Each structure stands twice: as structure tokens, then as C-alpha cells.
Amino acid sequence: MQMNLQMDCTVLKFNHCGRTIYTFDQNRLQTQNTERKCPVCQEPMRFSLLEAPIIVPCPFSNGHNTPCAFLIGASLGPAFISELQDKEIHVGVTNSQGVVYSYTSLGIQRQKQDWEQCLCIPLVAPGIGTDSFHTLWDQELEEFSLFPTWMPHRFEEEREFGSCCYGFALSFLNKLRRAQNSAVISKDDFTQFHVFPRVKLASKYIKVYQEICQHGFYIAQ
Ligand SMILES: [Zn+2]
């Protein structure tokens, strides 16, 4: 089976033959089909209600449906979001309409698509997003993206200082924090508390997913 770059299969987890096994939902394990065979032992699988396969929550969500959020994506697809692939990772910030602003070598991009499968960190508590708040957020983000700091020719220059796309998104977050008299958050702290735990979880999911692509199943160690 080819590696699915879009990672849109549902992953199931179940216990059988003394193992914890992960597989894709394509076998319709959740239907009460007693003829289904375990991909590992090849014995027919019968589950009691409590043993029924569960869906493993996918760590990726649609950034365009997540207003006012910090997004972590990868241009080659979600499979490239992992601790080992940080060169491939691209981050951005959504406005209230789900348009993703990100800083690239071409300058600031405003995208209405291509961030359908990414890691989303909401920057605003649910319920705060009133219309006037959204208007203000969108204005601030648009104004911020027009700063000369984010000109295309400065991208490489910024990159040398380890900022680039990350610098843009985090600077915007800190601009809002300053306006609210909150302490600014350092890149290290933001990475450690908000980015790293999500990337770690995603890496685990990607590993399981890739194993299923290659072998049809994955056995938890
Ligand atoms: Zn089995």
C-alpha cells in the first residue's frame, strides 16, 4: 500500500490474541460482522461490547475551520509533521474567517486552502469570539502582515536567526499579548508548552499510520 500523504483513513484500535492492534477502518471492523479475521492471527474476530474497536482520535484538524489560531502544518502533507522533520514544518495564524496568514520566501501568504490537515492551537478562548473582537483581530493581523519585517527579501535574513514563519506567528501573538498587558512568551516556552506536546502526539500517530500503510496493521509494544 502506498503511503497516503493526506492521511485520511480512520485508525482503529482493538485488543485481540493478547495484543493491542491498530488498523484502518476499511475492514469495517465496527460492524457486527463475525466473519472478519484478525489481521495478525487470522482468527475470526468477535468482540463483546466492551472490547469493540475504538477510533483513535486524529490529531489533525482543518485550520480553515479554526478561527484565531496558531497552525502547524507541512507543505508536503500532515505525514511530514513530526519531531524529525522540523525543516518541513510551516506555521501560520488564522483570521476569524479561517484565512491562514503565513510568512514564506514569497512574503506573507493569505490562504483559503491547503491547511485542511494541520495541528491547531486556539489562541482565543471559546465564546470570546464576538463579531467586534473578530473584526479587531482581522484588522490587527492584516496590519501586522504589512510590516516591512515580512518583506520577501528579508526571509532568508530572518531565517538565520531561526525565526522565519515561526517568527511571524509568534511575533503576532506577542503583539496581542502586549496590547493586553500580558507578558510576552518566548519562542522556547511556546514551543515547549504548546507546540512540542502536539507534535509529539502527532508523531506517534504518524508512526502508527505509516506502519499500517506498510503492513496492514501495527502492534503496540
Ligand atoms: Zn488476533
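The rules we used
- Residues numbered from 1 in each chain as written.
- Predicted model: local features only at pLDDT ≥ 70, side-chain atom pairs only at ≥ 80, totals over all residues.
- Heavy atoms only, no water.
- Salt bridge = Lys/Arg side-chain N within 4 Å of Asp/Glu carboxyl O.
- Helix = DSSP H or I, 4+ residues; strand = E, 2+ residues; numbered from the N terminus.
- Buried < 20%, exposed > 50% of the residue type's maximum accessible area, 1.4 Å probe, protein only.
- Pairing = 2+ DSSP bridges.
- Axes fitted to C-alpha atoms, helices over the stretch in contact; angles between N-to-C directions.
- Contact = heavy atoms within 4.5 Å.
- Phe/Tyr/Trp six-rings, centres within 6.5 Å; stacked < 30°, edge-to-face > 60°.

Per an unreviewed UniProt entry, the chain carries the name MKRN2 opposite strand protein-like C-terminal domain-containing protein and comes from Umbra pygmaea.

Student: Provide a residue-level description of the pattern of salt bridges, including the pertinent values.
Tutor: The tally for this structure, following the rule as stated, stands at two salt bridges. Residues Arg110 and Glu142 are paired through a salt bridge, measuring 3.1 Å at the closest nitrogen-oxygen approach. Placement of Arg110 in strand 7 (residues 107–111) and of Glu142 in helix 1 (residues 131–145) is noted, with a sequence separation of 32 residues between them. Judged by its relative accessible area of 26%, Glu142 is partly exposed. Across the salt bridge formed by Glu140 and Lys175, the nearest N and O atoms sit 2.5 Å from each other. Of this pair, Glu140 sits in helix 1 while Lys175 sits in helix 3 (residues 164–179), and the two are 35 residues apart along the sequence.

Student: If you had to explain the sheet that holds strand 7 to someone new, which residues and values would you point to?
Tutor: What the five strands build is an open sheet, ordered 7-6-5-4-8; its pairing is antiparallel. Edge positions in the open sheet fall to strand 7 and strand 8 (119–122), since each of these has one partner strand only. For this sheet, the mean inter-axis angle between neighbouring strands, taken without regard to orientation, is 25°. Relative to strand 6 (residues 100–104), strand 5 (residues 89–94) runs antiparallel, the two being bridged by two bridges. Bridge pairing in strand 6 links Thr94 to Val100. Those strands touched by helix 1 are strand 4 (69–74), strand 5, strand 6 and strand 7, and its axis lies near 135° from that of strand 5. Where helix 3 meets the sheet, its contacts fall on strand 4, strand 5, strand 6 and strand 7, and the angle it forms with strand 5 comes to roughly 25°.

Student: Give a detailed account of the pairing of strand 5, specifying residues and quantitative values.
Tutor: Most of strand 5 sits inside the fold, with five of its six residues counted as buried. In sequence, strand 5 turns back onto strand 6 through a hairpin of five residues, with Gly98 there showing a positive phi of about 80°.

Student: Account for the pairing of strand 2 (residues 19–24), with residues named and values stated.
Tutor: Bridge analysis of strand 1 (residues 11–16) against strand 2 gives six bridges, and the strand direction is antiparallel. Among the inter-strand pairings, Lys13 is bridged to a residue of strand 2, identified as Tyr22. Where strand 1 folds back on strand 2, the antiparallel hairpin that results is connected by two residues, among which Cys17 adopts a positive phi of roughly 40°. Sheet topology note: the strand 2/strand 9 (residues 218–219) ladder contains two bridges and is antiparallel. Residue pairing for strand 9: Ile21 is matched across the bridge by Ile219.

Student: Describe the packing of aromatic side chains, naming the residues involved and giving the relevant values.
Tutor: Going through the model one piece at a time under the given rule, you end up with 15 aromatic pairs. Consider the rings of Phe70 and Tyr166, whose centres lie 5.9 Å apart with planes at 70°: the pair is edge-to-face. Of this pair, Phe70 sits in strand 4 while Tyr166 sits in helix 3, placing them 96 residues apart in sequence. What makes Phe70 buried here is its relative accessible area of 0%. Residues Phe144 and Phe168 carry aromatic rings whose centres are separated by 5.5 Å and whose planes lie at 35° to one another, so their mutual orientation is tilted.

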